[in-house]
Amino acid sequence: MRVVVKLGGSVLQPTDSEPAGIQEISRFVQEGHEVAVVHGGGPAITNSLTEAGVPVTFYQGQRVTTPDVLRHVVRVLRGEVNMELVLRMNHAGIAAVGLSGVDGQLFRASRMHPPELGNVGVIDYVATNVVTALWRAGFVPVIAPLALGSDGNEILNCNGDGAASALARWLKADVLVFYTESGGLRESPEPSAGLVRRISELEIGQWIAHGRATQGMVPKLQAAQDALKQGVKTVLIGSYYDFEQGATEVVKG
Ligand SMILES: Nc1ncnc2c1ncn2[C@@H]1O[C@H](COP(=O)(O)OP(=O)(O)O)[C@@H](O)[C@H]1O
Ligand SMILES: CC(=O)N[C@@H](CCC(=O)OP(=O)(O)O)C(=O)O
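Being a predicted model, the structure only gives us computed values, none of them experimental.

(A) The arrangement of the site of ligand 1 in detail. Gly9, Thr180, Arg186, Arg212 and Lys220 are the nearest of the 18 residues found near ligand 1. The side chain of lysine 6 places a nitrogen or oxygen atom 3.4 Å from an oxygen atom of ligand 1. Within the backbone of arginine 212, one N or O atom sits 2.8 Å away from a nitrogen atom of ligand 1. For ligand 1, the accessible surface in isolation is 560 Å², of which the surrounding protein chains cover 80%.

Right, here's the structure in full:
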């Protein structure tokens, strides 16, 4: 089975025990599945920008990425989050290799609209041979969501959920799992709202329009919808810390 895992932005928070997300990746690998990981890092990027006094702006869940912001994004995602995650995964016995979508030209992207978003990419090509070569050599790729722009000479910042979805689609993955701090889709953005066990991809537009899913949940649901539309069979949104509590399954039709 081919499994693409997205690890949410809170992956670097210190925990007493191995987070459920890492344990699940270990289990997938031990069971002989082909596993690729895409990570986020939004909160760490925001901290870095705030410390430097650079304004933080989002538009529909996407970070407005000026050249100044991009420098922080690249350093934090590739140099800090990716490195730390690879360290943790190797410590947990997973043969993880870190890269970004720029390495081997894994992700090719065009600039997302509107132009005010700056260096934000929407992935339109995935060089799957980069991932399959690592799989053949026994490694688990751990990928920072940066892409090469269509002119081949600029780096674009991509939302991690969208990058995981593009990877799953191009790899024809069987399963796409988003592990997130929010623990899944809740009935409303309120932290106390109950977990939704199942949502149809056809309901997603209405959920977003009615404000039942906001902020980072918007690109996540859109990424889930795109994956289902393009052949990924199973899409789950679960808790990075506690998988026992159950997950949200996003289903077709
Ligand atoms: N209906 C909802 N259910 C769960 N989370 C929601 C919902 N609507 C908005 N959110 C927000 O979405 C965020 C999760 O998305 P995101 O920040 O991208 O997570 P991650 O980085 O863990 O992938 C949470 O911070 C939560 O406040
Ligand atoms: C364009 C865009 O918004 N890129 C994201 C990339 C990181 C990410 O997606 O992190 P999470 O998974 O933690 O949200 C950002 O700059 O925050």
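Alright, that's what it looks like, and here's the rest.
(B) Structural context of the pattern of salt bridges. According to the stated counting rule, one finds 13 salt bridges in the structure shown. In this structure, the salt-bridge partner of arginine 212 is glutamate 187, at a minimum N-O distance of 2.8 Å. Taken as a pair, arginine 212 in the loop between α6 (204-209) and α7 (217-229) and glutamate 187 in the loop between β11 (175-180) and β12 (198-200) lie far apart in primary sequence, 25 residues in all. The exposure class of arginine 212 is partly exposed, given its relative accessible area of 33%.

(C) Quick look at the sheet that holds strand β1 (residues 2-7). Spatial ordering of the open sheet is given by β5-β8-β2-β1-β11-β13-β14-β12, a layout of eight strands whose pairing is mixed. A strand with exactly one partner marks an edge of an open sheet, and here the two such strands are β5 (96-100) and β12. Averaged over all neighbouring strand pairs, the angle between strand axes comes to 20 degrees, with direction disregarded. One ladder, built from two bridges, connects strand β2 (residues 34-39) with strand β8 (residues 140-144); its direction is parallel. Pairing of valine 38 across the sheet is with isoleucine 143, part of β8. Its contacts with the sheet put helix α5 (residues 160-171) on β1, β2, β8 and β11, and the angle it makes with β1 is roughly 175 degrees.

(D) Looking closely at the nonpolar core. Grouped together as the largest cluster of nonpolar side chains are 43 residues, with contacts concentrated most on Phe107, Leu167, Leu176 and Val235. Apart from the residues within four sequence positions on either side, phenylalanine 107 is in contact with Gly101, Ile123, Tyr125, Val126, Ile143, Leu146, Ala147, Leu148, Ala163 and Leu167. Within the second largest apolar cluster, 18 residues are counted, among which are Leu7, Ile22, Leu85 and Val177.

(E) Geometry of the packing of helix α2 (residues 42-51) against helix α3 (residues 67-91). Between α2 and α3, whose axes approach to 9 Å, the crossing angle comes to 130 degrees. Put simply, α2 runs oblique to α3. In this structure, α2 crosses over α3, and the sense of that crossing is right-handed. On the side of α2, the interface is formed by Ala44, Ile45, Ser48 and Leu49, while α3 contributes Val69, His72, Val73, Arg75, Val76, Leu77 and Val81. Residues belonging to the contact of α2 with α3 are distributed by class as follows: eight nonpolar, two polar and one charged.

Thresholds applied
Residues numbered from 1 in each chain as written. Chains lettered and ligands numbered in written order. Predicted model: local features only at pLDDT ≥ 70, side-chain atom pairs only at ≥ 80, totals over all residues. Heavy atoms only, no water. Near = heavy atom within 4 Å. Polar contact = N/O pair within 3.5 Å; in protein donor to acceptor, adjacent residues only side chain to side chain. Areas by Shrake-Rupley, 256 points an atom, 1.4 Å probe, with all protein chains shown as cover. Salt bridge = Lys/Arg side-chain N within 4 Å of Asp/Glu carboxyl O. Helix = DSSP H or I, 4+ residues; strand = E, 2+ residues; numbered from the N terminus. Buried < 20%, exposed > 50% of the residue type's maximum accessible area, 1.4 Å probe, protein only. Pairing = 2+ DSSP bridges. Axes fitted to C-alpha atoms, helices over the stretch in contact; angles between N-to-C directions. Contact = heavy atoms within 4.5 Å. Core = buried A, V, L, I, M, F, W, Y, C linked by side-chain atoms within 4.5 Å. Parallel < 35°, antiparallel > 145°, perpendicular 65-115°, else oblique. Left-handed = near helix turned anticlockwise from the far one by under 90°. Nonpolar A, V, L, I, M, F, W, Y, C, P; charged D, E, K, R; others polar.

What is shown is where atoms sit, not what they do.
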